[in-house]
Amino acid sequence: MTMTFPAIGKPSADQMAVKPNLDYEKTHGNFQWAEMYAELDWLPGGWLNKAHEAIDRHANGSRRDKVAMIWEGKNGEQETYTFGQMKTLTNRFANVLKSLGIQKGDRVFLFMDRLPELYIAFFGILKVGAIAGPLFSAFGPDPVKDRLQDSGAKVLITQPDLRRRITGIIPELFELEHIVVVNKDDRDPQPRDPADLDYVEEMAKASADFDIVETSQFDYSIMHYTSGTTGKPKGAVHRHQAAVQHYATGKWVLDLHEDDIYWCTADPGWVTGTSYGMMAPWTNGVTQLIYEGGFRASAWYEMIQKHKVTVWYTAPTAIRMLMRAGDEVPKRYDLSSLRYMNSVGEPLNPEAVVWGVTVFGMPFHDNWWQTETGAILCANYPGMEVRPGSMGRPIPGIELGIVDDDYQQVGPDVDGNLVVRPGWPSMFHTYWNNTEMYNSKFRGGWYVTGDRARVDKDGYFWFQGRADDVINTAGHLVGPFEVESALIEHPAVAEAGVIGKPDPIAMEVVKAFVALNEGFEATTELRNEITRFSREKLSAAIAPREIEFVSSLPKTRSGKIMRRLLKARELGLPEGDTSGLEEE
Ligand code: AMP
């Protein structure tokens, strides 16, 4: 039986003691992005730099002594940094990079846990005009190698344990010139590789004064790798001008106000962790909490209570895990500071929206965007009726459409491809080294997102699924090709086909079908060993949760593994058109 959920009406004036920044009905009509660009600070000569917008402009003004970052370490350590201190530290790091010969346009990558030094280094990179590439710290050596090789990164900033994890790939990184190691509070007792640089030593030598390198709004600033159906992950490159949309959506969608304490639970290894775990709060001059620790329901509630979090941005898998932990746990904490809650990354099931009302007295507001869009494009705003299960309506200045496979728009309530009219400020500008793939995303005057959705007659968008084989597990996009490539490196594996299998918590888990080479037997030990092997290479977040041995895989006549068919068989669905299928 499908449950229906009533819309959650507009909040009353009492419920909204803080007036929302955006009234959907009033603002949507004749909005021009120029209005928002005018609100940015800009640099003399018309230059624009994200680090100036997020840090220096506050440090140079009335927010100099306002706390920018409250950091809580995984062992309970606590540190705070004002905008003024962030300016000095990011200047120092920019000078470190300058002394290493880093210039405008060079790629500098970060492979770190959520430590304050990650945030300091990130903005130092932007100040020197380089392109920052943050990597998810749970990655194994393979994903790190692919990304550093493709981007041609010159400097890597990392921490001792992660540095050891990737020792084997360093000789294959021909363009990498320096590794800077952050041994936070000397947590790691082992001696550093003498070829590496020590963050503390380098920072101590660096001056606290730095003139931001001249960057225009069109210069590249950040790149995030994202997975597709075929090939290795592609580096989506963003420009400094994306700052305007981070600023605007921070104000409109997250509803950030001057006195807020904001917490974004996403890791900067993924785009939400930079656009909304750095740029949106700080371009708005808002204090944010960074929590180094991982997920634990009680620890998360404690963070909200202890730091009096007012605005919270999290993800459906985490919300479902909180739901599973039970309604008694939140009752042990004072969560009354919370004013507004948002969610992104996967479909937010209506039950989770409604659970928010039951437990916190307010719904989770779902919004939609992706790595390539750089910022939120569609959202349930404050001050607008929430329709549980819908990802809301386009933000001002954004045109979304639903089109058929010929890129013709379809009417309300009809499934189709979700597309965006190009030209929004935070739009990616290329895939690194892959212009052809970039161009292929623009069709019929639209940017094609790869998602399928429909729109109702009131303009609310409803996500239906991916149009391709990309897997969304716990909000992380996983390219099946990347996993298949790792699996076939195991000597026992002849071929592998990877799909997303529905899961009540993570939405999908990665499932691999594996055919073995001759001489290998399909035993539990072998399955465990292949699992271990793929986890070490990739990361537990990407490696298959389930492996099924099969005698062969269904392939097209041209030899391509038919993942669609594997999925249909797994789900017990009709197999569809199998005319292109090779004899099995
Ligand atoms: P990423 O590029 O890794 O941020 O992943 C973006 C993809 O996650 C989108 O293309 C969607 O498939 C999915 N996604 C993001 N937000 C939502 C949402 N609110 N509802 C449903 N799917 C979402």
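Note on numbering: residues in each chain are counted from 1, in written sequence order. Since the coordinates come from a predicted model, pLDDT governs what is reported: local features require at least 70, and pairs of side-chain atoms require 80 or more to be given and counted, while whole-chain, interface and lining totals use all residues. Side-chain metrics rest on all non-hydrogen atoms present in the structure, leaving aside hydrogens and water.

So, the domain arrangement of the chain
(1) Moving on: Residue ranges assigned to the domains are those given by an automatic or database domain assignment. Per the domain assignment, the segments making up the chain are domain 1 (13-453) and domain 2 (471-571).
(2) Moving on: For domain 1 and domain 2, the distance between their C-alpha centres works out to 30 Å.
(3) Moving on: Between two residues, a contact is recorded if the distance between any of their heavy atoms is within 4.5 Å. Contacts between domain 1 and domain 2 engage 25 residues on the former and 22 residues on the latter.
(4) Moving on: In short, buried area is how much 1.4 Å probe accessible area vanishes from two parts on joining, totalled over both. Around 1,700 Å² of area is buried between domain 1 and domain 2 when both sides are counted, 58% of it from carbon and sulfur atoms.
(5) Moving on: Salt bridge, as used here: a side-chain nitrogen of Lys or Arg that lies within 4 Å of a carboxyl oxygen of Asp or Glu. The interface formed by domain 1 and domain 2 holds 2 salt bridges in total.
(6) Moving on: Among the ionic pairs, K537 bridges to D142, the shortest N-O distance being 3.3 Å.
(7) Moving on: Here a polar contact is recorded for every N or O atom pair within 3.5 Å, except that within protein the pair must consist of a potential hydrogen donor and a potential acceptor, and residues adjacent in sequence are included only if both atoms are side-chain atoms. Along the contact surface separating domain 1 from domain 2 lie 11 residue pairs in polar contact (both at pLDDT 80 or more).
(8) Moving on: Numbered from the N terminus, helices here are DSSP runs of H or I no shorter than four residues, and strands are runs of E no shorter than two. Elements represented by at least two residues in the side of domain 1 that touches domain 2 include exactly α6 (141-151) and α12 (316-325).
(9) Moving on: Element by element, the count of residues in the side of domain 1 that touches domain 2 is highest for α6, at 5 residues.
(10) Moving on: Each residue is assigned to one class: nonpolar for Ala, Val, Leu, Ile, Met, Phe, Trp, Tyr, Cys and Pro, charged for Asp, Glu, Lys and Arg, and polar for all the others, Gly among them. Each residue belonging to the side of domain 1 that touches domain 2 can be placed in one class, and the counts come to 9 nonpolar, 9 polar and 7 charged.

Some details on the pattern of salt bridges
Here the idea is simple: oppositely charged side chains can pair when their charged atoms come close.
(1) Moving on: This structure, assessed with the given rule, holds 44 salt bridges.
(2) Moving on: Where K127 meets D56, a salt bridge forms, and the shortest distance between an N and an O atom there is 2.8 Å. Residue K127 is located in helix α5 (residues 116-127), and its partner D56 is located in helix α3 (residues 50-59); the two are separated by 71 residues in the primary sequence. Side by side, K127 and D56 carry an identical accessibility label, which is buried.
(3) Moving on: Via salt bridges that share partners, E385, R387, D456, K457 and D458 belong to a single interconnected network. Relative accessibility thresholds used throughout: buried, under 20% of the residue-type maximum; exposed, over 50%; partly exposed, between the two (1.4 Å probe, protein chains only).

Quick notes on the sheet that holds strand β14 (residues 364-368)
(1) Moving on: A sheet is described by the order of its strands in space; here 9 strands give the open sequence β2-β1-β11-β10-β12-β13-β14-β15-β16, paired in mixed fashion. A single partner strand is all that each edge strand has here, and the edge strands are β2 (78-82) and β16 (393-394).
(2) Moving on: Orientation is described by axes fitted as lines to C-alpha atoms, over the contacting stretch for helices, and by angles from 0 to 180 degrees between their N-to-C directions. Seen against the sheet, α12 touches β12 (311-314), β13 (340-343) and β14 and runs at an angle of roughly 105° to β12.
(3) Moving on: Sheet strands in contact with helix α14 (residues 350-360) are β12, β13 and β14, and its direction is about 150° off that of β14. Here, any two strands with at least 2 DSSP bridges between them count as paired.

Some remarks on unusual backbone geometry
(1) Moving on: Positioned with a positive phi, W42 is a non-glycine residue whose angle comes to about 60°.
(2) Moving on: Topologically, W42 is positioned in the loop between α2 (33-39) and α3.
(3) Moving on: In the Ramachandran plot, K308 falls in the positive-phi region, its phi being about 55° despite a non-glycine side chain.
(4) Moving on: Judged by its relative accessible area of 55%, K308 is exposed.

Considering the environment of N21
(1) Moving on: Positionally, N21 belongs in the segment before α1 (24-27).
(2) Moving on: On the basis of relative accessibility, which here comes to 32%, the residue N21 falls in the partly exposed class.
(3) Moving on: On a C-alpha basis, the gap between N21 and R452 in space is 30 Å, while along the polypeptide they are 431 residues apart.
(4) Moving on: Each residue touching N21, except ones within four places of it in the same chain, is listed here: K251, D255, L256 and H257.
(5) Moving on: Of note is the side chain of N21, whose polar atom sits 3.0 Å from the backbone oxygen of L256.

Some words on the nonpolar core
If you look at soluble globular proteins, the nonpolar side chains tend to sit buried side by side.
(1) Moving on: By size, the foremost hydrophobic cluster in this structure holds 53 residues, and its most contacted members are W33, W252, Y262, Y276 and Y313.
(2) Moving on: Ignoring sequence-local partners within four residues, the contact set of W252 consists of L22, F31, W33, M36, Y381, P382, I395 and P396.
(3) Moving on: Within the second largest apolar cluster, 46 residues are counted, among which are A94, V96, L118 and I290. Think of a nonpolar core as a cluster: buried Ala, Val, Leu, Ile, Met, Phe, Trp, Tyr and Cys residues, connected wherever their side-chain atoms sit within 4.5 Å.

What about the sheet that holds strand β26 (residues 507-516)?
(1) Moving on: Judged by pairing direction, the sheet is mixed, and its 3 strands sit side by side in the order β25-β26-β27 without closing on themselves. Both edges of this open sheet fall to β25 (493-503) and β27 (546-549), since each of them pairs with a single strand only. Neighbour to neighbour, the strand axes of the sheet diverge by 25° on average, direction disregarded.
(2) Moving on: Most of the contacts of helix α16 (residues 480-487) go to β25, to which it runs at about 140°, and overall it touches β25 and β26.

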